Amino acid sequence: MKKIAKTNVARLLDQAKIHYELIPYIVDENDLGAGHIAEQLGEDIQQVFKTLILRGEKTGHFVCVIPGEDEVDLKKAAKISGNKKVDLIPMKELLPTTGYIRGGCSPIGMKKPFPTFFHETCILFDYIYVSAGVRGLQLKINPADLVKYVGATECDLVSNK
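These lines cover the structure that appears in this document, whether it is placed above or below. (Residues numbered from 1 in each chain as written. Predicted model: local features only at pLDDT ≥ 70, side-chain atom pairs only at ≥ 80, totals over all residues. Heavy atoms only, no water.)

1. Quick notes on the sheet that holds strand 6 (residues 128-131)
Here's step 1: With respect to topology, three strands assemble into an open sheet ordered 1-7-6, the strand pairing being antiparallel. Bordering the open sheet on either side are strand 1 (20-24) and strand 6, each of which pairs with just one other strand. Pairs of neighbouring strands in the sheet enclose a mean axial angle of 35 degrees, with direction left out of account.
Here's step 2: Here strand 6 runs beside strand 7 (residues 137-141); their pairing, made up of four bridges, is antiparallel. (Pairing = 2+ DSSP bridges. Helix = DSSP H or I, 4+ residues; strand = E, 2+ residues; numbered from the N terminus. Axes fitted to C-alpha atoms, helices over the stretch in contact; angles between N-to-C directions.)

Below, the structure is given as structure tokens:
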């Protein structure tokens, strides 16, 4: 078994003495979605969370972490973040804003801290997955530990199906 290289995310969690596991998966450049990751890991898609960066007209950038197959509800995100209108940031702004690329954006260790909101279902699980900061590596972590570490708020963020 090949040793997994520690990411900056892992080093930050080590410093904070927070338990986690680094779980590798095979990257498909044509499918960077959470569904592919859940399938690779053999896990419920509701436990594989994606990290989205939004910008509000009043507050600027903020982070929404939602279950992989769900869509962020922009009205709910606006209300919870104190904005009237919000949008996802353009893909070209992701790396300069966060330090991460698409498919490797983690709620931990961005270039600067942003207000962070997790979809409320995260606490229903003993563990969830989020990106470890690079494509091909997920972080398996207790959601309560993660929410507390990033100073996030739990709330309803997704569109009702």
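Additional details are given in the paragraphs that follow.
2. Looking at the environment of tyrosine 149
Here's step 1: Turning to its location among the elements, tyrosine 149 is positioned in helix 5 (residues 143-150).
Here's step 2: Excluding residues that lie within four positions of it along the chain, tyrosine 149 makes contacts with Leu12, Leu13, Ala16, Ile18 and Ile108. (Contact = heavy atoms within 4.5 Å.)

3. Some thoughts on the sheet that holds strand 2 (residues 49-56)
Here's step 1: Strand order in the open sheet formed by five strands is 4-2-3-5-8, and the pairing between neighbours is mixed. Of all the strands in the sheet, the pair left with one neighbour each is strand 4 (86-88) and strand 8 (153-155). Taken pair by pair, the neighbouring strands of this sheet meet at an average axis angle of 35 degrees, ignoring direction.
Here's step 2: Summarising the sheet, strand 2 and strand 4 pair through three bridges and their orientation is antiparallel. Among the inter-strand pairings, leucine 54 is bridged to a residue of strand 4, identified as leucine 88.
Here's step 3: The strands that helix 3 (residues 74-81) touches are strand 2, strand 3 (60-67), strand 4, strand 5 (116-119) and strand 8; relative to strand 4, the one it contacts most, it runs at about 120 degrees.

4. As for unusual backbone geometry
Here's step 1: Of note, the phi angle at lysine 17 is positive, near 60 degrees, even though the residue is not glycine.
Here's step 2: Turning to its location among the elements, lysine 17 is positioned in the loop between helix 1 (8-15) and strand 1.
Here's step 3: Lysine 17 sits in the exposed class, given a relative accessible area of 74%. (Buried < 20%, exposed > 50% of the residue type's maximum accessible area, 1.4 Å probe, protein only.)

5. A closer look at the pattern of salt bridges
Between side chains of opposite charge, a pair can form as their charged atoms come close.
Here's step 1: Inspection of the entire model under this criterion finds six salt bridges.
Here's step 2: Here glutamate 29 ties to arginine 135 by a salt bridge, and the two come within 2.8 Å at their closest N and O atoms. Taken as a pair, glutamate 29 in the loop between strand 1 and helix 2 (34-41) and arginine 135 in the loop between strand 6 and strand 7 lie far apart in primary sequence, 106 residues in all.
Here's step 3: Residue classification places glutamate 29 among the exposed positions, given a relative accessible area of 54%. (Salt bridge = Lys/Arg side-chain N within 4 Å of Asp/Glu carboxyl O.)

6. Examining helix 1
Here's step 1: Among the residues making up helix 1, those that are buried are Val9, Ala10 and Leu13. Projected down its long axis, helix 1 carries its buried residues within an arc of 95 degrees, all on one side.
Here's step 2: If you follow the buried residues of helix 1, they end up packed against strand 1, strand 7 and helix 5. (Arc of directions from axis to C-beta.)

7. Examining the nonpolar core
Across soluble globular proteins, nonpolar side chains have a tendency to be buried as a group.
Here's step 1: Among the nonpolar cores identified, the biggest contains 30 residues, and Leu13, Phe118, Ile128, Leu139, Ile141 and Leu146 are the most heavily contacted of them.
Here's step 2: Of all the secondary-structure elements, those providing two or more residues to this core are helix 1, strand 1, strand 2, strand 3, strand 6, strand 7 and helix 5.
Here's step 3: Contacts of phenylalanine 118, omitting those with residues within four sequence positions, involve Val65, Pro107, Ile128, Leu146, Val147, Val150, Ala152, Thr153, Glu154, Cys155 and Leu157.
Here's step 4: Listed in part, the 13 residues of the second largest apolar core include Phe62, Phe117, Leu157 and Val158. (Core = buried A, V, L, I, M, F, W, Y, C linked by side-chain atoms within 4.5 Å.)

8. Brief notes about the state of the cysteines
Here's step 1: Applying the stated criterion across every chain, the model contains zero disulfides.
Here's step 2: Sulfur of cysteine 64: no disulfide; nearest cysteine sulfur belongs to cysteine 155 and is 7.0 Å away.
Here's step 3: No disulfide involves cysteine 105; its nearest neighbouring cysteine sulfur is the one of cysteine 64, lying 12 Å away. (Disulfide = S-S within 2.5 Å.)

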